[in-house]
Amino acid sequence: MQSEETNNIIVQPADRKKIMGIWKVAGILAVVTAIEFGFAFGMGAGATRTTIFIALTIVKAYYIVSEFMHLGHEVKSLIWSIIGPMLFVVWLIAVLIYEGGAILLVR
Amino acid sequence: MSSTATVVSSSKGGLWSGGRSPFKVSYGKLMMWFFLLSDAFTFSALLVTYGLIRYSNPAYEGSPEAFSFSQEYWPIPEKVFEAVPFLHGVSAPLVFVGIMTFILILSSVTMVLAVEAGHRMDRKAVEKWMLWTILGGIAFLGCQAWEWSHFIHGTQEGSIITGLFNGEWETITFFGANLSMNQYGPPPFAALFFFITGFHGTHVLSGVVLNFIIFYNVVVGTYDKRGHYEMVEKVGLYWHFVDLVWVFVFTFFYLI
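Predicted model only: the values in this text are computed from it and were never measured. (Residues numbered from 1 in each chain as written. Chains lettered and ligands numbered in written order. Predicted model: local features only at pLDDT ≥ 70, side-chain atom pairs only at ≥ 80, totals over all residues. Heavy atoms only, no water.)

1. Considering the interface of chain A and chain B
The interface of chain A with chain B comprises 51 residues on the first partner and 50 residues on the second. With both sides pooled, the region where chain A packs onto chain B buries about 4600 Å², and carbon together with sulfur makes up 78% of that total. Between chain A and chain B we count five residue pairs in polar contact (both at pLDDT 80 or more) in total. Those elements that provide at least two residues to the side of chain A that touches chain B are helix H2 (16-42), helix H3 (47-68), helix H4 (76-83) and helix H5 (87-106) of chain A. The greatest single-element share of the side of chain A that touches chain B, amounting to 12 residues, is contributed by H2(A). Partitioning the side of chain A that touches chain B into residue classes produces 34 nonpolar, nine polar and eight charged. (Contact = heavy atoms within 4.5 Å. Buried area = accessible area lost by both parts, 1.4 Å probe. Polar contact = N/O pair within 3.5 Å; in protein donor to acceptor, adjacent residues only side chain to side chain. Helix = DSSP H or I, 4+ residues; strand = E, 2+ residues; numbered from the N terminus. Nonpolar A, V, L, I, M, F, W, Y, C, P; charged D, E, K, R; others polar.)

This is how it looks when you write it as structure tokens:
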């Protein structure tokens, strides 16, 4: 009786709206990547293009973390526990890129 | 009954006074999140190191059309990664790495669909989507193996490099790259390529292994007996993280 009960799993039907939502996010990621390719070939290298690339990367990262990893639907304290420490990395980038330029000058 | 008593006694206290989960996630998922945070620091360190070393080397100043490989300046990535399997001699900048990106994004999508099917206790659908995810991971690893092989063996022309061989300075034509010599540009460029894409590839490999273990458990019915598919969610978090890291590697190593 016990084992029969555990083997009797009730499968719920798929929610079409939810699945369409997943594919919508996938479409956004694909389109953003295609736009990045457009800029890679259609625009000369420079600070503007680099800024565009970084902005589009953050857009993609937002959709992956928020929707695919479901972080956007967790409680606020958990969201900030994960995002907050990443601010240290922003500082690390700023300071080490500056350091790299300084090394080039004394080379 | 005893568990009910715990809930009643703790409900008087605040969110952090015990007896409930302040983050409203299970222990396993929370620890996976903090592990991924630490892993994000590791990858950030690698990519920031790339930025530091790139900025401490001279940049290429001329027009992209006139670009040629040299030890004197950092190469333009799209001039390095322009080969595609079966299209020998055809210049197709970033096409292959674009295919790899789409493979990884698609396998991330199939992972979300597996998690969604797990919520509905739909074992057959979880099996199907987990299998697609594993196949996507293996396809990505195969692409990376080809790209490494091409990078190591180099182009047909090679580059003329002056180096120290057996204690004597010599000028030779060098093909491809290793950790000390590199036809594409300054040696750290190749070293960073091996470290960053290699560390990411190791993550993809361990992700495929973990996905396979969970897939096996799904097939034998472990999670049906357990009553929930949370392990699929945990391994899904890891897999999405691997995809997330690739998004950054793609931008900072290949595009900029």
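Following the structure, the description resumes.
2. Some points on unusual backbone geometry
Positioned with a positive phi, His70(A) is a non-glycine residue whose angle comes to about 70 degrees. One can find His70(A) in the loop between H3 and H4. Using a relative accessible area of 41% as the deciding quantity, one classes His70(A) as partly exposed. Of note, Leu94(B) is a non-glycine position whose phi angle comes to about 65 degrees, a positive value. Within the element layout of this structure, Leu94(B) appears in the loop between helix H3 (77-80) and helix H4 (95-119). (Buried < 20%, exposed > 50% of the residue type's maximum accessible area, 1.4 Å probe, protein only.)

3. Remarks on H3(A)
The terminal C-alpha atoms of H3(A) lie 31 Å apart, and with 22 residues this matches the ideal 32 Å at 1.5 Å per residue to within 8%. Among all positions in H3(A), only Arg49(A), Phe53(A), Leu56(A), Thr57(A), Lys60(A), Ala61(A), Ile64(A), Val65(A), Ser66(A) and Phe68(A) are buried. Its buried side turned inward, H3(A) meets H2 of chain A together with helix H2 (27-55), H3, H4 and helix H8 (230-255) of chain B. His70(A) occupies a position one or two residues after H3(A) and carries a positive phi of about 70 degrees. (Expected span 1.5 Å × (residues − 1).)

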